[in-house]
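Letter by letter, the chains look like this.
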Amino acid sequence: DAKTTQPNSMESNEEEPVHLPCNHSTISGTDYIHWYRQLPSQGPEYVIHGLTSNVNNRMASLAIAEDRKSSTLILHRATLRDAAVYYCILLRETSGSRLTFGEGTQLTVNP
Amino acid sequence: KAGVTQTPRYLIKTRGQQVTLSCSPISGHRSVSWYQQTPGQGLQFLFEYFSETQRNKGNFPGRFSGRQFSNSRSEMNVSTLELGDSALYLCASSLWGGFNQPQHFGDGTRLSIL
């Protein structure tokens, strides 16, 4: 699978928007961009995924660059519960259901 | 809607024993995947089951096996336990698996080998 690059850590204040970046310069045309997060002592949690167009759901928004070489996960109003490690991954047909997490971004939310 | 349920949450075993972990997927989900997560190796894919058939397999020894039942519930078995098998074992379900679907995880079974 194509590689993604994320900052090791980011910090935000409660109730402010958070923009988590992900670079994937070797993305192929059929790779889906997925975001998961993992809170301490819990299993990973699906956040959002998309292919080309921006996506919104109740948890977050996913903004995908026009050339698809980068994407941004947007949490509109951070809460303390959003403090977690966020993983950006690419999946293609040959990946199937196989998820592989990199280091991810540790998000700290300050009260 | 109930999430993915894994039992037990915690388990302590000794070397050489075997263990069976259980996973109940979200109702209607037919794909179940198993993962091992450790601080050193991160998240590693074990295998995926769909409609009672193993569809994908990761690079784990044959001591790790699984099965899926007609109601999509799945079990994972590890035989002849080794110290290195200490890990968080996670189960994830999705409607029919695949690269364009979300996977929903349980909170895992934490297995400790003494």
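Everything numeric here is computed off the predicted structure, so don't read it as measured data.

Trainee: Could you give me a rundown of the overall build of chain B, with the residues and numbers involved?
Mentor: Looking only at helices and strands, one finds 0 helices and 11 strands in chain B. Taken from N to C terminus, the helices and strands of chain B fall in the order β-β-β-β-β-β-β-β-β-β-β. Relative to the globule expectation of 13 Å for 114 residues, the C-alpha radius of gyration of chain B, 13 Å, shows essentially globular dimensions. For chain B, the spread of C-alpha atoms along the principal axes amounts to about 35 × 25 × 25 Å. When burial is assessed residue by residue, chain B has 50% of its 114 residues classed as buried. Within chain B, residue pairs in contact and separated by at least 24 positions form 55% of the contacts whose partners lie at least 6 positions apart. For chain B, the exposed area adds up to about 5400 Å²; of that, 49% sits on carbon and sulfur atoms.

Trainee: Account for the overall build of chain A, with residues named and values stated.
Mentor: A count of helices and strands for chain A gives 0 helices and 9 strands. Start at the N end of chain A and walk to the C end: the helices and strands fall as β-β-β-β-β-β-β-β-β. Here the C-alpha atoms of chain A give a radius of gyration of 13 Å, agreeing with the 13 Å that 2.2 N^0.38 yields for 111 residues. For chain A, restricting intrachain contacts to residue pairs at least 6 apart in sequence, the fraction spanning at least 24 positions comes to 58%. Of the roughly 5600 Å² of accessible surface on chain A, 46% is carried by carbon and sulfur atoms. Taken together, the 9 basic and 12 acidic charged side chains of chain A have centroids lying 6 Å from each other.

Trainee: Any chance you could break down the pattern of salt bridges for me, citing the residues and the numbers?
Mentor: Residues and elements named next belong to chain A. Enumeration according to the criterion identifies 10 salt bridges over all chains in this entry. Where Arg81 meets Glu45, a salt bridge forms, and the shortest distance between an N and an O atom there is 3.9 Å. Pair noted here: Arg81 is in the loop between strand S7 (70–75) and strand S8 (84–91) and Glu45 is in strand S4 (residues 45–50), with a separation of 36 residues, a long-range link. By relative accessible area, which is 46% here, Arg81 ends up partly exposed. The class of Glu45 is partly exposed, set by a relative accessible area of 24%. One connected set of salt bridges, linked through shared partners, spans Arg37, Glu45, Arg81 and Asp82.

Trainee: Quick one: what's the story with the packing of aromatic side chains, residue by residue and with numbers?
Mentor: The full count for this structure, using the stated rule, is 9 aromatic pairs over all chains. Measuring from centroid to centroid gives 5.4 Å for Tyr32(A) and Phe99(B), while their planes differ by 80 degrees, and the two rings are edge-to-face. Taken together, the positions of Tyr32(A) in strand S3 (residues 32–38) and Phe99(B) in the loop between strand S9 (87–94) and strand S10 (104–105) put the pair across two chains. Ring plane angle 90 degrees and centroid distance 6.1 Å describe the contact between Tyr36(A) and Phe105(B), whose orientation is recorded as edge-to-face. Note that Tyr36(A) is positioned in strand S3 and Phe105(B) in strand S10, a pairing that runs across two chains. Residue Tyr36(A) is classed as buried on the basis of its relative accessible area of 0%. Taken together, the aromatic side chains of Tyr36(A), Tyr46(A), Tyr87(A), Phe101(A), Tyr35(B), Phe45(B) and Phe105(B) make up a single cluster linked through ring pairs.

Trainee: Quick rundown of the sheet that holds strand S2 (residues 18–23) of chain A? Include the residues and the values.
Mentor: In a beta sheet, neighbouring strands are held together by backbone hydrogen bonds and run either parallel or antiparallel to one another. With antiparallel pairing, the 4 strands of this open sheet are ordered in space as S2-S7-S6-S5 (chain A). Every interior strand has two partners, whereas the edge strands, S2 and strand S5 (55–56) of chain A, have only one.

Trainee: Please provide a residue-by-residue account of the interface of chain B and chain A, values included.
Mentor: Size of an interface: often given as the accessible area lost when the parts come together. Listed per partner, the contact involves 22 residues of chain B and 19 residues of chain A. Here chain B packs against chain A, burying approximately 1700 Å² in sum over the two surfaces, 55% of which is carbon and sulfur. Looking at the side of chain B facing chain A, the largest losses of area belong to Leu43(B), Phe99(B) and Gln103(B), adding up to 37% of the total buried there. Linking chain B with chain A are 0 salt bridges, by the criterion used here. Where chain B touches chain A, the interface holds 12 residue pairs in polar contact (both at pLDDT 80 or more). Those elements that place two or more of their residues in the side of chain B that touches chain A are strand S4 (31–38), strand S5 (42–50) and S10 of chain B. Among the elements that line the side of chain B that touches chain A, the one with the most residues is S4(B), at 4 residues. In terms of residue class, the side of chain B that touches chain A is made up of 7 nonpolar, 11 polar and 4 charged.

Here is what the cut-offs are and how they apply
Residues numbered from 1 in each chain as written. Chains lettered and ligands numbered in written order. Predicted model: local features only at pLDDT ≥ 70, side-chain atom pairs only at ≥ 80, totals over all residues. Heavy atoms only, no water. Helix = DSSP H or I, 4+ residues; strand = E, 2+ residues; numbered from the N terminus. Rg over C-alpha atoms; globule rule 2.2 N^0.38 Å. Buried < 20%, exposed > 50% of the residue type's maximum accessible area, 1.4 Å probe, protein only. Contact = heavy atoms within 4.5 Å. Areas by Shrake-Rupley, 256 points an atom, 1.4 Å probe, with all protein chains shown as cover. Lys, Arg positive; Asp, Glu negative; His and termini not counted. Charge placed at Lys NZ, Arg CZ, Asp CG, Glu CD. Salt bridge = Lys/Arg side-chain N within 4 Å of Asp/Glu carboxyl O. Phe/Tyr/Trp six-rings, centres within 6.5 Å; stacked < 30°, edge-to-face > 60°. Pairing = 2+ DSSP bridges. Buried area = accessible area lost by both parts, 1.4 Å probe. Polar contact = N/O pair within 3.5 Å; in protein donor to acceptor, adjacent residues only side chain to side chain. Nonpolar A, V, L, I, M, F, W, Y, C, P; charged D, E, K, R; others polar.

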